Amino acid sequence: MSEVKLAAQTRTEFGKGAARRIRRDAKVPGVLYGHGSDPIHLTLPGHDLLLALRTPNVLISLDIDGKTNELAIPKSVQRDPIKGFLEHVDLLLVKRGEKVTVEIPVHAEGELAAGGNLLEHVLNALPVEAEATHIPEAVTVSVEGLEAGASVLAKDITLPSGVTLAVEEDAVVLQVLAAQAEEAPEAAGEEAAEA
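As a starting point, this report considers the structure included with it. (Residues numbered from 1 in each chain as written. Predicted model: local features only at pLDDT ≥ 70, side-chain atom pairs only at ≥ 80, totals over all residues. Heavy atoms only, no water.)

### Comments concerning the overall build of the protein chain
Thought 1: Helix and strand counts for the protein chain come out as 3 helices and 13 strands.
Thought 2: The C-alpha radius of gyration of the protein chain comes to 23 Å, more than 25% above the 16 Å expected for a compact globule of 195 residues.
Thought 3: In terms of principal-axis extent, the alpha carbons of the protein chain reach across some 75 × 45 × 25 Å.
Thought 4: Across the 195 residues in the protein chain, those meeting the buried criterion constitute 33%.
Thought 5: Once local pairs closer than 6 in sequence are excluded, the contacts in the protein chain between residues at least 24 apart make up 63%.
Thought 6: For the protein chain, the exposed surface amounts to about 11600 Å²; the carbon and sulfur share of it is 49%. (Helix = DSSP H or I, 4+ residues; strand = E, 2+ residues; numbered from the N terminus. Rg over C-alpha atoms; globule rule 2.2 N^0.38 Å. Buried < 20%, exposed > 50% of the residue type's maximum accessible area, 1.4 Å probe, protein only. Contact = heavy atoms within 4.5 Å. Areas by Shrake-Rupley, 256 points an atom, 1.4 Å probe, with all protein chains shown as cover.)

### Topic: the side chain of Thr43
Thought 1: Tracing the backbone shows Thr43 in strand 3 (residues 37-45).
Thought 2: Once you skip the residues sitting within four places of it in the chain, Thr43 turns out to touch Ala7, Ala8, Gln9, Arg11, Ile22, Lys27 and Val28.

### Remarks on the pairing of strand 5 (residues 68-79)
Thought 1: The sheet contact formed by strand 4 (residues 59-64) and strand 5 spans 5 bridges and is antiparallel. Each residue of the ladder has a partner; that of Ile64, found in strand 5, is Thr68. (Pairing = 2+ DSSP bridges.)

### Concerning the pairing of strand 1 (residues 3-10)
Thought 1: Pairing geometry for strand 1 and strand 4, over 6 bridges, is parallel. In the strand pairing of strand 4, Leu6 is matched with Leu62.
Thought 2: When strand 1 meets strand 3, the two strands line up antiparallel, connected through 2 bridges. If you follow Gln9 over to strand 3, its bridge partner there is Thr43.

### Remarks on the pattern of salt bridges
Two side chains carrying opposite charge are able to pair once their charged atoms lie near each other.
Thought 1: For the coordinates displayed, the defined rule picks out 1 salt bridge.
Thought 2: As a salt-bridge pair, Lys155 and Asp170 come within 3.4 Å of each other at their nearest N and O atoms. Here the residue Lys155 occupies a position in the loop between strand 11 (151-153) and strand 12 (164-165), and Asp170 occupies one in the loop between strand 12 and strand 13 (172-177), the gap between them amounting to 15 residues.
Thought 3: Given the relative accessible area of 46%, Lys155 is considered partly exposed.
Thought 4: Asp170 gets classed as exposed once you look at its relative accessible area, which sits at 53%. (Salt bridge = Lys/Arg side-chain N within 4 Å of Asp/Glu carboxyl O.)

So this is what it looks like as structure tokens:
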């Protein structure tokens with residue numbers, strides 16, 4: 001997993017007006033918390049943060065006011081619902097070697113058995129526990145040849161070393177559904193005429 005370095009400044013102004021001023025300067029307000037310490041209110045570079053957040057569970061190395069370096073992972077990201085720009089970010093303070101619980105994306109590969117079957121993602125992201133500096137970007141599951149009614153459980157997924165499940169082993173992650181046959185248009189017309 002890659003580590004992204006960002007320069008951050010502590011902030012002392014709070015509220016809507018201060019947040020708007022920060023965003024006008026192409027920056028994003030944020031909060032760094034964790035390990036029982038007091039929350040640190042930060043101003044982060046908007047474009048660099050946006051690029052960093054494209055990677056799920058990215059490890060961010062924060063240079064705060066040029067004095068301290070802290071490691072963090074994104075916990076909560078608020079975006080403008082229409083324009084999509086970042087409004088606020090909550091960062092969780094982590095230490096090297098510390099285990100954290102995160103959700104990693106599940107990717108399916110391969111072709112299902114013939115017959116128009118459909119693959120349903122019951123869990124789009126798999127909750128796992130991993131070392132903060134070694135969080136996998138995603139897990140890939142082979143669905144090659146699975147028939148309707150088959151399912152992939154959490155315990156069936158091969159995880160990288162040092163990563164453990166943070167969900168019940170019997171939780172369904174993927175399942176294969178039989179395609180629904182559409183009713184013939186003539187039969188639908190006859191039923192309507194009888195009613």
